[in-house]
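Residues per chain are reported as follows:
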Amino acid sequence: QVPLKPGRSLMDWIRLTKSGKDLTGLKGRLIEVTEDELAKHNKKEDCWICIRGFVYNVTPYMEYHPGGEDELMKAAGTDGTDLFDQVHRWVNYESMLKECLVGRMAVKPIAAAKGDIYFNDCLLFVGMLPEKNVLASSTKDLTPRLILVVFSKLLSLDVLLQKYYDWFQTDSLITVVIYTKQKDVNAELVIVDCQDKRLRGEIIMDDYSYLVEVDLDHAVSEDVTVNIAEKVGKVEIILKKKDDIHWKMLGQPCEGHNTLIKRTDRGLFYRKCKLVSKTEVTHDTKLFCLMLPKGTHLRVPTGQHVYLKQIITGTEVVKPYTPVLPFLPLDFQEPPHHDGVHIYLMIKIYSCGLFTQALDHLQIEDYISVSNPEGNFKKSQVQTSEDLILLAGGTGFTPMVKLLNFALAEVSSLRTVKLIFFNKTEDDILWRNQLEQLALKDERFEVQFILSQPTKDWVGRQGKISSSLLSEFVKRRSRKDSKVLVCICGPTPFTEQGVQYLKDLGYSQEEIHAFTA
Ligand code: FAD
Ligand code: NAD
């Protein structure tokens, strides 16, 4: 993120796109763009970029790009799809850049073959080639096609051409069974949505995503049961028939049905969740409780975030948020209780924030779109830790909530957890009371508050993240060979500086996890 000039906020961009101004220079005409033509537009004052086969003139957007002009220029005159997917595939560029659309890439003789097709290893699999990979073949070819894809990760050739799911019925129930052939499939890896006769079941298998998506043959009731046999990797989705009739088929397959593709190539799926409560945490931060629809089975894993989507003055705007718990549990005797229905988000409302202002204006019972979870934190990073250090700046505390709870409740090797929480003022400290209570209750946990803009009355530590502060608080005091994990989250400069200071203090890359988008 770079500071933007005044008048260059997202809202200003939305206004410009609605002004009727010709942003492509083509007076609304759409053209076919050859690679040679695309390559010519590679300057700041004349910059075209191709994303998933569509070419955009991003010249007018330069000054509005939150990541800065230089980032955008990395893709100038080229296919920026991979770069875009790496940095922020969740951004709804189709909506944001619709007025910048120049046209499609022109026909190129050789199709497909680019992308994730490996022939060297294990398993062949029939699947849809994701749109991105057939890019620039022909206009027709921009739709996914059935091809043979080889997944090097998977098990053996005997599953060649085999589908992963089956279904059966009784008078009142439809059961869809998915055989993942993976051990340890848990509830966090299974995402099911059943609404308006459409069933969508996604199973996450490491970096891959398997999807069953069909328009059901007949209506089913809203509530869905999901059973997971973890050891054998079998997932059962049980639907209740609305009418007691025999189904001839499960339904019509949707695009992407019965495919196993890289997770990052699967589009983000959103469902509408109801806002059920909104409570104050501090003067500017609120805890939003959203309720999942009855037909949804979704658990957001520790350390992962979701995207919220709202239409703001006609443009779809998407922002990431990290679910928390409704409160910090103090007692770890009982296994943690997830009701599976509610998602809690702790969100700071910025007085001039585009998205958070719109969020704050939502009324109880209003709906908001919530995506599937994303993020690269893996619980296994903390599972063997002896010492866990959490560095949080402002709402960068949010990923620490579930992490802290998981570590104290479920990591048996853990000896100490230390949270160093950086805020501007005392009034900004999130859940201070709860954190202090937890520190009193659990001797493994310690919390330190550090303020960057304290009042005169503050007797605690002050300052911003610095080498000297960190060397005092996170210096390795324990055995040299002890297993330490340091997690850091906050404003981008805070996280970047923090990671550098930690490395200077001798922490290795593997011992540091930075939460970012
Ligand atoms: P914008 O319109 O983007 O900003 C408008 C103005 O608000 C800025 O000019 C500035 O004055 C002010 N502002 C915005 N951001 C900041 C900032 N960081 N520091 C100081 N001033 C700022 N936020 C949460 O509250 N809770 C979360 O759980 C959470 N999780 C996140 C997870 C990830 C992976 C990431 C990348 C971000 C997360 N965020 C979280 C931040 C969130 O995505 C938005 O960036 C934030 O809510 C601001 O959005 P906005 O549209 O209201 O502000
Ligand atoms: P804030 O502006 O209130 O700052 C909190 C503290 O962070 C400050 O007291 C200071 O100690 C430190 N800080 C702020 N700016 C700094 C800088 N330039 N250099 C060094 N230290 C700095 O924070 P906020 O408004 O609550 O913002 C929290 C940030 O955390 C947002 O940018 C949000 O996007 C980010 N966030 C990221 C994730 C994630 O990536 N997973 C999750 C939640 C929040």
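Scroll up a little and you will see the structure.
Residues numbered from 1 in each chain as written. Chains lettered and ligands numbered in written order. Predicted model: local features only at pLDDT ≥ 70, side-chain atom pairs only at ≥ 80, totals over all residues. Heavy atoms only, no water.

1. Some points on the site of ligand 2
Move 1: Residues in contact with ligand 2 amount to 21 residues; listed here are only the nearest, Lys348, Tyr350, Thr395, Asn423 and Ser452.
Move 2: Taking asparagine 423, its main chain carries an N or O atom lying 3.0 Å from an oxygen atom of ligand 2.
Move 3: Separating an oxygen atom of ligand 2 from a side-chain N or O atom of serine 452 is a distance of 2.8 Å.
Move 4: Protein contacts shield 77% of the accessible area of ligand 2, which totals 860 Å² for the unbound molecule.
Move 5: Broken down by secondary-structure element, the contributors of at least two residues to the shell around ligand 2 are strand 26 (416-423) and helix 11 (492-504).
Move 6: Top contributing element to the shell around ligand 2 by residue count: helix 11, with 3 residues.
Move 7: Each residue belonging to the shell around ligand 2 can be placed in one class, and the counts come to 7 nonpolar, 11 polar and 3 charged.
Move 8: The residue makeup of the shell around ligand 2 includes at least three contributed by each of domain 3 (270-374) and domain 4 (379-514). (Near = heavy atom within 4 Å. Polar contact = N/O pair within 3.5 Å; in protein donor to acceptor, adjacent residues only side chain to side chain. Areas by Shrake-Rupley, 256 points an atom, 1.4 Å probe, with all protein chains shown as cover. Helix = DSSP H or I, 4+ residues; strand = E, 2+ residues; numbered from the N terminus. Nonpolar A, V, L, I, M, F, W, Y, C, P; charged D, E, K, R; others polar. Domains from an automatic or database assignment.)

2. Points about the site of ligand 1
Move 1: For ligand 1, the set of nearby residues contains 18 residues, the closest of which are Lys319, Pro320, Tyr321, Met346 and Thr356.
Move 2: Contacts to ligand 1 include proline 320, whose backbone N or O atom sits 2.8 Å from an oxygen atom.
Move 3: Note that an oxygen atom of ligand 1 is positioned 2.9 Å from one of the backbone N or O atoms of leucine 354.
Move 4: When ligand 1 is considered free in solution it has 950 Å² of accessible area, and contact with the protein chains removes 64% of it.
Move 5: Looking at the shell around ligand 1, the elements that each hand over two or more residues are strand 21 (315-321), strand 23 (342-348) and helix 6 (354-360).

3. A look at the sheet that holds strand 29 (residues 484-489)
Move 1: Read across the open sheet, the 6 strands follow the order 28-27-26-25-29-30; overall the sheet is parallel. A single partner strand is all that each edge strand has here, and the edge strands are strand 28 (461-462) and strand 30 (512-514).
Move 2: The pairing of strand 27 (residues 445-451) with strand 28 spans 2 bridges and is classified as parallel. Looking at the pairing, leucine 451 lines up with glutamine 462 of strand 28.
Move 3: Packing of helix 11 onto the sheet brings it into contact with strand 25 (387-393), strand 26, strand 29 and strand 30, and relative to strand 29 it is tilted by some 155°. (Pairing = 2+ DSSP bridges. Contact = heavy atoms within 4.5 Å. Axes fitted to C-alpha atoms, helices over the stretch in contact; angles between N-to-C directions.)

4. Some words on the environment of aspartate 36
Move 1: Its location among the elements puts aspartate 36 in helix 2 (residues 35-40).
Move 2: A C-alpha to C-alpha distance of 9.6 Å links aspartate 36 and threonine 78, two positions 42 residues apart in sequence.

5. A short note on the pattern of salt bridges
Move 1: In total, this model carries 22 salt bridges according to the counting rule given.
Move 2: Between lysine 44 and aspartate 70 there is a salt bridge; the shortest N-O distance is 3.6 Å. Here the residue lysine 44 occupies a position in the loop between strand 2 (42-43) and strand 3 (46-51), and aspartate 70 occupies one in helix 3 (residues 69-73), the gap between them amounting to 26 residues.
Move 3: You can call lysine 44 partly exposed: its relative accessible area is 36%.
Move 4: Overall, the relative accessible area of 55% leaves aspartate 70 in the exposed class.
Move 5: Taking the shortest distance from any N to any O, the salt bridge between glutamate 188 and lysine 379 comes out at 3.4 Å. Residue glutamate 188 is found in the loop between strand 9 (173-179) and strand 10 (190-195), and its partner lysine 379 is found in the loop between strand 24 (367-371) and helix 7 (380-383); the two are separated by 191 residues along the sequence.
Move 6: Overall, lysine 379 belongs to the partly exposed group, its relative accessible area being 25%. (Salt bridge = Lys/Arg side-chain N within 4 Å of Asp/Glu carboxyl O. Buried < 20%, exposed > 50% of the residue type's maximum accessible area, 1.4 Å probe, protein only.)

6. A few points about the sheet that holds strand 4 (residues 54-57)
Move 1: Read from one edge of the open sheet, 5 strands run 1-5-4-3-2, paired in mixed fashion. Strand pairing shows two members of the sheet lacking a second neighbour, strand 1 (31-33) and strand 2, which therefore form its edges.
Move 2: In this sheet, strand 3 lies alongside strand 2 in antiparallel orientation, the contact comprising 2 bridges. Its bridge partner lying in strand 3, asparagine 42 is registered against cysteine 47.

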